[in-house]
Amino acid sequence: MSVDDTSRQKTRAPDGGWGWMVAFGSFLMLALVPMISLSFSILFSGFLREQKASSTTIAWIFNLHIFNWNLVGLLTGPLASEFGFRKVSLMGTAAASVFLILTSFTDSIGGLMVNFSLCGIFGGLGCKPCFILIPMYFDKKRGQAVAILMAGIALGQFMGPPIVRLLLEHYALRGAGLIIGAVLLNSCVGAAFFQPVEWHLKPYDEETPEILPVADKSIEGSYMNSDETANDDGDDVLGRKGHRVISGEVGRRAMQRSCSLHSDECSSVSMAVSLIDLTSISLIVQNEIDTLSTDKEDEEEEEASGTNRALLTASRVIRSLISDLKIFKSPRALIIAIAGLCVANSYLNFHMILPFAIQNAGYSLEDAAWCMSIAAVANLVARLSTSSLSDCAWFNMRFVYMLGAGVVAASTLVFSFLKDLTWMKVTMGVWGYGVGTNISLYTLIMAKYMGVQNMAAIFGCQSLIMAFGHITLGPLLGLIRDLSGSYAVAMWAMSAEVSICVVLWLFMPAAIAYDKRIEARASSRHVDKLAE
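Residues numbered from 1 in each chain as written. Predicted model: local features only at pLDDT ≥ 70, side-chain atom pairs only at ≥ 80, totals over all residues. Heavy atoms only, no water.

A. Spotlight on helix α8 (residues 109-137). An ideal rise of 1.5 Å per residue puts 42 Å on 29 residues; α8 measures up with 43 Å between its terminal C-alpha atoms. Maximum bend of α8: about 30°, positioned at L125, with proline P129 one to four residues after it. The buried fraction of α8 amounts to 22 of the 29 residues, a majority that puts the element mostly inside the structure. (Helix = DSSP H or I, 4+ residues; strand = E, 2+ residues; numbered from the N terminus. Expected span 1.5 Å × (residues − 1). Bend = angle between axes of the 7 residues up to and from the residue. Buried < 20%, exposed > 50% of the residue type's maximum accessible area, 1.4 Å probe, protein only.)

Given below as structure tokens:
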């Protein structure tokens, strides 16, 4: 059987096998690389206090790092399609460790800002593929796999602060930076497990109704950019390319090739329009056109060399980026992206100012590190339990996601009034559990409401929203702290920001209904055109 014929077989996610190695690699990477961000305030607290940096300046340094971390997510899908997830992750994590070492040797605020920003670019480039690959490798066991991935982040958050504080105590900033940078290089081992999912797809059978769409050209990171809709419960419905009639020579060639491969569908067309599977036909035709277009691009690239080949690659990446942005036509995508930004921006900035707030209350940096570790333990418990339970049929993902955001908003508000260290630790445990509950479902929410075939598109566009949100809202929170002279006021603003997430998700059923109406009108127009 030829490769071309194999690529057209109905296939499904492996739901195990090598997928567990990918999950382990993701666990290792996310336990190490995000530790840079989550330990920022502990690692550079002494240096920033010596430099007498304001809360606004600290917020700019941290949020510029997060901005770059998320902005590069827009490039993850296109770059992985061109070069493969493994190469992208390996390059990103290796470069992140180098820039972390350079950051620890800086002697100025400007140098810290530049190097820590570059660390964010390559750290994000290394880690973002984890969130796209896991849904591709898993279907029924997706919750368990995501639990492993999320456990890595929580473990890094738990180990990071006390380890960094211990290293600072014995080796100062430069020595600690060298050691952490060396440890970070071990994440390259995790990236080495990122084999293309096409190598491990299993044949479709009657007992496994879910089908993983695979492009005709077997490349890493292949995905469809569709206006897929979900039902009222948010269950996945197969994505649809824009319903349109294909005309011209390319369209005729595509239909001829598709008819030869899918005789049942073509015979249905000749019998009666009412028996046509519109989704199947439109996808078949579009895939054939994509194949012909890709073949032409391959021929052009083989003939090109040097600079021309690089320009062709850049052109494809740009076209992919533009195509991905079309997903924001769906109000579901906007709700997911904006609500996710509200939670992430709030909890990351709360995590950033926490050591300064605790020290300002008269406690030590060690006390702050313990508070952060307690939150990390609760975070880990929540991520493992919530992600695993999400595979159960009775689990209401939307309600639990909103509940987690509500707990984060309430505990942030309560913490702002506390003075006793014991109650601070208790509240941090509740806060960490709320963060873990909400964040552990974020990737699953994207796959459930937008479809696995749209993961690269929604993840990239969500990263774009997240990036610009952090670079605007993050420094604003620091400015609020400087103008008010109170960490409590800044925490009130963070609590209000998370509350917006809960409000937005109340409108998700209406967004689903809107997308279904648009889909129905598009399908109706498609039927009319075929009837003509």
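Now that the structure is up, let's keep going.
B. Spotlight on the side chain of T93. With respect to the helices, strands and loops of the structure, T93 is situated in helix α7 (residues 85-104). If we skip the residues at most four places from it in the chain, T93 touches M29, V33, F122, G126, S187 and C188. (Contact = heavy atoms within 4.5 Å.)

C. Summary view of the nonpolar core. Residues F40, L48, I336, F415 and W505 are the most contacted members of the largest nonpolar core, which totals 118 residues. Looking at this core element by element, the count peaks at 18 residues for helix α15 (residues 331-360). Excluding anything up to four places from it in sequence, W505 contacts I335, I336, A339, R398, Y401, M402, I445 and Y449. (Core = buried A, V, L, I, M, F, W, Y, C linked by side-chain atoms within 4.5 Å.)

D. The arrangement of unusual backbone geometry in detail. Backbone geometry at K52 places phi at a positive 55°, although glycine is not the residue there. Inspection of the secondary structure assignment puts K52 in the loop between α4 (40-50) and α5 (55-71). For A172, which is not glycine, the phi torsion reads 65° and is therefore positive. Looking at the secondary structure, you find A172 in helix α9 (residues 142-184).

E. Geometry of the packing of aromatic side chains. Following the criterion strictly, the structure yields 17 aromatic pairs and no others. A centroid spacing of 5.9 Å and a plane angle of 75° characterise the contact between F44 and F116, whose relative ring orientation is edge-to-face. Note that F44 is positioned in helix α4 and F116 in helix α8, a separation of 72 residues in sequence. The exposure classification of F44 matches that of F116, with both residues buried. Between F350 and F415, the ring centres sit 5.5 Å apart and the planes meet at 85°, which makes this aromatic pair edge-to-face. Taken together, the positions of F350 in helix α15 and F415 in helix α17 (residues 397-415) put the pair 65 residues apart, joining distant regions of the chain. When its relative accessible area of 1% is taken as the criterion, F350 is described as buried. On the basis of relative accessible area, F415 is assigned to the buried category, the value being 4%. Aromatic rings pair up to connect F40, F44, F62 and F116 into one cluster. Residue placement shows R481 over the ring face of Y487; its charged tip is 4.0 Å from the ring centre. (Phe/Tyr/Trp six-rings, centres within 6.5 Å; stacked < 30°, edge-to-face > 60°. Lys NZ or Arg CZ within 6 Å of the ring centre and 35° of its normal.)

F. Molecular detail of the pattern of salt bridges. All told, the structure shown has two salt bridges when counted by the stated rule. In this structure, the salt-bridge partner of E169 is R165, at a minimum N-O distance of 3.1 Å. One end of the pair is E169 and the other is R165, both in helix α9 and four residues apart, which spans about a single turn. We classify E169 as exposed; its relative accessible area is 55%. In this structure, the salt-bridge partner of R332 is D515, at a minimum N-O distance of 2.4 Å. Here D515 lies in helix α22 (residues 508-531) and R332 lies in helix α15, a separation of 183 residues in the sequence. The class of D515 is buried, set by a relative accessible area of 8%. (Salt bridge = Lys/Arg side-chain N within 4 Å of Asp/Glu carboxyl O.)

G. Structural context of the packing of helix α2 (residues 18-32) against α8. For the pair α2 and α8, the least separation of the axes is 10 Å and the interaxial angle reads 155°. Relative to α8, the element α2 lies roughly antiparallel. Classified by chirality, the crossing of α8 by α2 is left-handed. Contacts between α2 and α8 involve W18, G19, V22, A23, S26, M29 and L30 from the former and G126, C127, C130, F131, L133, I134 and Y137 from the latter. Residues that form the contact of α2 with α8 fall into these classes: eleven nonpolar, three polar and no charged. (Axes fitted to C-alpha atoms, helices over the stretch in contact; angles between N-to-C directions. Parallel < 35°, antiparallel > 145°, perpendicular 65-115°, else oblique. Left-handed = near helix turned anticlockwise from the far one by under 90°. Nonpolar A, V, L, I, M, F, W, Y, C, P; charged D, E, K, R; others polar.)

H. A look at the confidence of the model for the protein chain. Of the residues in the protein chain, 75% have a pLDDT of 70 or more, and the chain-wide mean is 74. The element-level mean pLDDT for the protein chain is lowest in helix α12 (residues 263-271), coming to 35, with α17 highest at 93. Counting interchain partners and residues more than four positions distant, the pLDDT-below-50 stretch residues 206-296 has 173 contacts. (pLDDT = per-residue confidence, 0-100.)

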